[in-house]
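Chains, contacts and geometry: an overview
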Amino acid sequence: MLFRSRLYEYGLRGARGVVLTAGEHLITRDAFHRYIQTRDLDAEFPGARGFGFIRRVPVSQERQFLADARADGKPDFAIRQLSPQSDERFVIQYIEPLDKNQRALGLDIASDPGRRDAAQEAVRTGKAQLSAPITLVQADDKPHQGFLMLMPIYRQILVPASVSEREQSAFGWSYAPLVIADVLAGLPGQYGSIHLRLSDISLPEEERVFYDSAPDTLILNDLFTQKVSLNVYGRRWQLEVSAPPAFIDGLHLVSPRLVFWIGVLITF
């Protein structure tokens, strides 16, 4: 899973590169589309729903931005919000492949706290950042199982030295929408009857399970459960792996209780 997240980071760097090469105000929808067509997304970045470009749009420049976006091959382009907000917009200007992500186009991700916080943290650190678990608008049948992975794009090639310089220089992000089931699909060493659960524990008081391979399974014995904490692109995840009784029975191991009583008898 962590290996795949590295793949997505490489994809974000490629998308950022095409935006920077074209220029902040010269990148076009067609240029971004043609770049994505040169990549085999399913083979190179399995599990990613696509790659896109998010632009910072000050409220005072929103009207001009809309005029430019509509003239850039999308005459019906509009900004949509998940909840009303009057501050600077973070608008998904490009997303490819468009047929899989049409509902995300034009979304102001600053209108959702989880998305906005991840974008701002990416700008402050200069590194790729993962959002908290969210419901992707293009995958609303998988509630709280999606993520945005964002990489900041600055007006200068090198990451500015200070946080204030980064905040002033950033004009957008390259990003990838991810669904955890897609990310895990097809990985070697599938867990089969093993119970796998993933939780976001970045804020202990808001712990959220975002993946459960067997949600109806009741874990009865902590002896066969292991928990590991992972740092994943700015988030803290907990990986919990359990072996249910049926799996243990299938191994035909000696019962721990029997071993205990045999030990007691030998001691006597």
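Conventions used here
Residues numbered from 1 in each chain as written. Predicted model: local features only at pLDDT ≥ 70, side-chain atom pairs only at ≥ 80, totals over all residues. Heavy atoms only, no water. Pairing = 2+ DSSP bridges. Helix = DSSP H or I, 4+ residues; strand = E, 2+ residues; numbered from the N terminus. Axes fitted to C-alpha atoms, helices over the stretch in contact; angles between N-to-C directions. Core = buried A, V, L, I, M, F, W, Y, C linked by side-chain atoms within 4.5 Å. Buried < 20%, exposed > 50% of the residue type's maximum accessible area, 1.4 Å probe, protein only. Contact = heavy atoms within 4.5 Å. Polar contact = N/O pair within 3.5 Å; in protein donor to acceptor, adjacent residues only side chain to side chain. Salt bridge = Lys/Arg side-chain N within 4 Å of Asp/Glu carboxyl O.

**Things to note about the sheet that holds strand β8 (residues 195-200)**
Read across the open sheet, the 4 strands follow the order β9-β8-β11-β10; overall the sheet is antiparallel. The sheet terminates laterally at β9 (208-212) and β10 (225-232), the two strands that pair on one side only. On average, each strand axis in the sheet is inclined to that of its neighbour by 25°, with strand direction left out of account. Taken together, the 4 bridges between β8 and β9 define a ladder with antiparallel strand orientation. Within β9, the residue paired with Arg197 across the bridge is Asp212.

**Remarks on the nonpolar core**
The biggest cluster of nonpolar side chains holds 37 residues, and the ones touching the most others in it are Val19, Phe32, Phe51, Leu130, Met149, Leu178 and Ile180. For Met149, the residues in contact, after removing those within four places along its chain, are Ser5, Tyr8, Glu9, Leu12, Ala128, Gln129, Leu130, Ser174, Tyr175, Ala176, Leu178 and Tyr233. Core analysis: the next-biggest nonpolar cluster, separate from the first, contains 30 residues, Leu66, Ile95, Leu107 and Val123 among them.

**Details of the side chain of Ser174**
Looking at the secondary structure, you find Ser174 in strand β7 (residues 170-179). Within polar-contact distance, the side chain of Ser174 engages the backbone oxygen of Leu12 at 3.0 Å. The contacts of Ser174, once residues within four sequence positions are left out, are Leu12, Ala15, Arg16, Gly52, Met149, Leu150, Met151 and Ile153.

**Brief notes about the pairing of β7**
Of all 10 residues making up β7, 10 are buried, and the element is well covered by its neighbours. Judged from the 4 bridges that link them, strand β1 (residues 51-57) and β7 form a sheet pairing that is antiparallel. Paired with Gly52 across the strands is Tyr175, a residue of β7. Where strand β6 (residues 146-154) lies against β7, 9 bridges are found, and the strand directions are antiparallel. Among the inter-strand pairings, Ile153 is bridged to a residue of β7, identified as Gly172.

**Some thoughts on the pattern of salt bridges**
When their charged atoms lie close together, side chains carrying opposite charge are able to pair. Taken as a whole, this structure holds 15 salt bridges when the rule is applied. Ionic pairing is found between Asp182 and Arg49, a salt bridge with its closest N-O pair at 3.1 Å. Taken together, the positions of Asp182 in helix α8 (residues 180-184) and Arg49 in the loop between α3 (41-44) and β1 put the pair 133 residues apart, joining distant regions of the chain. Salt-bridge contacts for Asp141 lead to Lys142; the nearest nitrogen and oxygen are separated by 3.4 Å. Judged by relative accessible area, Lys142 falls into the partly exposed class, the value being 24%. Salt bridges sharing common partners tie together Arg6, Glu9 and Arg13.

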